[in-house]
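What follows is each chain in one-letter form.
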Amino acid sequence: MFEDHLPELLPLYGAKPRKGDLVCRRQGALKDVWQIKSIQAGIAICVKPNNEAHPSEPTRTAAEPVQFAVDELLVVREFGEPIFPALVPMDAVANGPVDAPWHTLIEADNYHALQLLDYLYAGQVDCIYIDPPYNTGARDWKYNNDYVDGNDGWRHSKWLAFMERRLLIAKRLLNPVASVLIVTIDEKEVLHLGILLEQIFPGCKVQKTTIVINPKGTARYNEFSRVEEYAYFVFIGDVKICPFGSDLLTSRDYSSETHVRWRGLARTGRKGLRSNNPGSWYPIFLRTSNYTIHSIGDPLPEGVSEDTVIAPEGTIAVWPPSKSGKQYSWGTIPATLRQIWQNGGFKTGIVKPDKKQFPFYYISSGLFQKIESGQICVLGRGEQNELLLQYTEGQKQAMPRAVWNRVEYDAGSHGTGVLQTILGDASFPFPKSIYAVRDSIRLFTEKKKDALILDFFAGSGTTLNAVNLLNAVDGGQRRCILVTNNEVSAEESASLSARGLQPGSDAWEAQGICRSVTWPRSKYTILGQRDDGSVLTGDYLTGKTVEREKARHFTQIGFVDPAQLDTLPKKKQVVALIDGLPQTLVREPCPFIVSDAHTASVLFDPTAFEAWLEALDGQEHITDFYIVTPIKRVFDQMKAQVMELLGPILAAEEEKRPMSAGFAANLAYFKLDFLEHARVSLRRAFREILPLLWLKAGAVGPRPELKPGEPEPALFAPEGSNFVVLLDETRMGRLLKSLDGRAGLAQVFIVTDADESFKTMAQDVREVAAKANPGLQVVQLYRDYLLNFMINKNQDRAADRGNAQGARA
């Protein structure tokens, strides 16, 4: 239960007050809202909206107008009222192929940005990753332009109302066929968030993981030291986890292993009881001569004793296990097991007849699928005609655990540390580890390399950095949309205000998150260098292991005469100086030490070099060599011959990618703006909504635009673009001619108010262009845009919430 009717307002510092606008006073409270009735000579006549009484003047009637200078008023948007968004191009960086899809950064309040994205990409987003404010009480987020701190008695309700509004729109963006929502959080709101997600996404699986982000712990008075945060995963539709070579809990690299684990046939536990699986209670007959499989029997009805079954001559019958008076079952029915056996997927383990141990193993259907796909290769057949298997190099995978505890997830080293490497002293609290974000997204987009990914709490821009790294490693073209506001911290706000600056001024906005952190980080990481030309230092971890050659280490022990090492105690004194060799290896006559179990070797007697060299043959695991000789020339000759024999060491290590290499990616940076309804309805906003059309068509290739002063054309069909706009419906013939034979189109926009005419024109367009452009969309502009944004989003929200409650009931 929470108060979800708390209003939420947005100040528009750059907007010019007009008749009908909601406004507040620049030096007053944002929640003290007025509505402009008229403007004359720089004076605005205002009244309280909706007959609301003035909180500081209860004697004044709501209808009584007041006068304010226009310059002291600030335009306010109330969440839920119709908006008409546009995107103002701010900057761009192009470092990828010309025809590659562009990433997008939108500077905006994320609620209104989500409304815009709902128009552009409803039902198309494959993954949403967000790191919302944690509501710790530390004044780390704003509600109605005021920082929320621990003294605010409504802070949990405000946070839940804040999150619910955004998650309800985010739900419409997610692909209903298969997508995932990922939300990180700490212990302050983890329980509330879990319940909210269950409410908004009824019928979806919601799972929480624990991520160790600070192994050293954060000390708190009289509390356990906190080392973790949490991530909720909401599974939409048929989305599947794509495991890779890590279980995310340990440092074990499964991808470097080749062993294939067969499944045990015996079932135990409550689900394995015979009563629950009557068709899986049957005998398996083993030959008494060598205890190999002879045949597979049929199920025995309950109540019929297994003593009634007669084993074939020369065999014994082995039944499913019994324990504590309970009978269990085999893991599959006889018909299935016979087919598996025929295909080489059934065998016995180590049989111990005296202890009545008869283990059986089989290959599951999942392993057979991996054999077909090439993840597992067949080496041949064994003594029982069973398949001899091993994983193809790099193909073994591990299902991730619900607790993630890898060194790479340390938010200090790989979050703050990475950000400081890129931006220097730029201030941003608690950025995420780039690798925790990368692996979260990778788990669901490993096989969808063109996924659309959204982060509407983008903060420092870690998500885009992670997506670019993931694309660089596996050759993907995943597209990322970042949304963040341009707020400054509470401390910076106080400092800027003390200097006489106000929100909206250039000096103030330059210190905001988007302009001082998100954009420069995104730009620098794509280019591999900063604006001043200095290259980024450091490396990314790619998540892949590679074999690299490493030199073996040779040490000359020249301070000892080999002739003086004529007793075991003297040789032990030398060994005591060598790490990795125990003195117990010194045994008579001991001219040298070569051990299968140790990585160091020592030659005490140079005259035994040939025998030492022969003993070293095949001992690739030895990395450190110690040669007792005072003669440098002899030492160098022996070293050369050992290196010729063994060669360099091939060691597996994690592959790294220099930050200076940048990424083959393109990024467009916009700021959200709002258009006047009249300007849109009169079809005078084409220049302003042109970026939206480019985004709606997939943000492919360079963004087309009208040059300054260039009039709107009757037909907008730029070369190389994947969309076309017909602005004058009388030029329909010209449009059809331009479409004839043209491929690579995603959208055709037609400006007309006549619904019937649009249907006819759309049909004509499809007949001419659909064959060369499968999936082509024809959109009625501006009607499509206006209808979408005239909808009162509060009504949508109420409907969504009602549907969720109905599904829950």
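Description of the structure in this document. (Residues numbered from 1 in each chain as written. Predicted model: local features only at pLDDT ≥ 70, side-chain atom pairs only at ≥ 80, totals over all residues. Heavy atoms only, no water.)

## What about the overall build of the chain?
A count of helices and strands for the chain gives 20 helices and 40 strands. Expressed as lengths along the three principal axes of its C-alpha atoms, the size of the chain is roughly 110 × 85 × 70 Å. The contacts in the chain between residues at least 6 apart in sequence include a share of 70% that link residues at least 24 apart. About 39,100 Å² of surface is accessible on the chain, with carbon and sulfur atoms providing 50% of the total. (Helix = DSSP H or I, 4+ residues; strand = E, 2+ residues; numbered from the N terminus. Contact = heavy atoms within 4.5 Å. Areas by Shrake-Rupley, 256 points an atom, 1.4 Å probe, with all protein chains shown as cover.)

## A closer look at the sheet that holds strand 17 (residues 284-287)
Strand order in this open sheet of three strands is 18-17-19, and the pairing throughout is antiparallel. Each edge of the sheet is formed by a strand with only one pairing partner; in this case those strands are strand 18 (293-296) and strand 19 (315-318). For this sheet the average axis-to-axis angle between neighbouring strands, irrespective of direction, equals 25°. Summarising the sheet, strand 17 and strand 19 pair through four bridges and their orientation is antiparallel. Bridged to Leu 286 within strand 19 is Ile 316. Where helix 4 (residues 334-342) meets the sheet, its contacts fall on strand 17 and strand 18, and the angle it forms with strand 18 comes to roughly 145°. (Pairing = 2+ DSSP bridges. Axes fitted to C-alpha atoms, helices over the stretch in contact; angles between N-to-C directions.)

## Quick word on the nonpolar core
Among the nonpolar cores identified, the biggest contains 94 residues, and Leu 454, Leu 781 and Tyr 785 are the most heavily contacted of them. Not counting residues up to four positions away in its chain, the partners in contact with Leu 781 are Tyr 119, Ile 689, Leu 693, Val 725, Phe 749, Ile 750, Val 751 and Thr 752. Formed by 52 residues, the second largest nonpolar core is a distinct cluster that contains Leu 105, Ile 434, Ala 458 and Leu 470. (Core = buried A, V, L, I, M, F, W, Y, C linked by side-chain atoms within 4.5 Å. Buried < 20%, exposed > 50% of the residue type's maximum accessible area, 1.4 Å probe, protein only.)

## Notes on the pattern of salt bridges
For the structure shown, the criterion picks out 31 salt bridges. The partner of Asp 247 in a salt bridge is Arg 401, with the nearest N and O atoms 3.8 Å apart. Separated by 154 residues along the polypeptide, Asp 247 in the loop between strand 14 (228-237) and strand 15 (263-264) and Arg 401 in the loop between strand 26 (387-391) and strand 27 (403-404) bring together distant segments of the chain. Assessed through its relative accessible area of 2%, Asp 247 is described here as buried. (Salt bridge = Lys/Arg side-chain N within 4 Å of Asp/Glu carboxyl O.)

## Details of helix 13 (residues 609-616)
Of all the positions in helix 13, only Phe 609, Trp 612, Leu 613 and Leu 616 are classed as buried. Axial view of helix 13: buried residues confined to an arc of 100°, hence all on one face. Facing away from the buried surface of helix 13 by more than 90 degrees, the exposed residues are Glu 610 and Glu 614. As for helix 13, its buried residues are in contact with strand 32 (592-593), strand 33 (600-603), strand 34 (624-628) and helix 14 (632-646). Just beyond helix 13, the residue with positive phi is Gly 618, at close to 90°. (Arc of directions from axis to C-beta.)

## Topic: the packing of helix 7 (residues 434-445) against helix 8 (residues 462-474)
With their axes 9 Å apart at the nearest point, helix 7 and helix 8 run at an angle of 60° to one another. Between helix 7 and helix 8, the angle falls in the class oblique. Note on packing geometry: the crossing formed by helix 7 with helix 8 is right-handed. Of the residues in helix 8, those in contact with Ile 434, Tyr 435, Val 437, Arg 438, Ile 441, Arg 442 and Thr 445 of helix 7 are Thr 462, Thr 463, Asn 465, Ala 466, Val 467, Leu 469 and Leu 470. (Parallel < 35°, antiparallel > 145°, perpendicular 65-115°, else oblique. Left-handed = near helix turned anticlockwise from the far one by under 90°.)

## Focus on the packing of aromatic side chains
All chains considered together, the criterion is met by 23 aromatic pairs. Measuring from ring centre to ring centre gives 4.5 Å for Phe 79 and Tyr 111, while their planes differ by 15°; the resulting arrangement is stacked. Linking Phe 79 in the loop between strand 6 (73-78) and strand 7 (85-94) with Tyr 111 in helix 1 (residues 110-121), this pair joins segments that are 32 residues apart in sequence. Both residues of the pair, Phe 79 and Tyr 111, belong to the buried class. (Phe/Tyr/Trp six-rings, centres within 6.5 Å; stacked < 30°, edge-to-face > 60°.)

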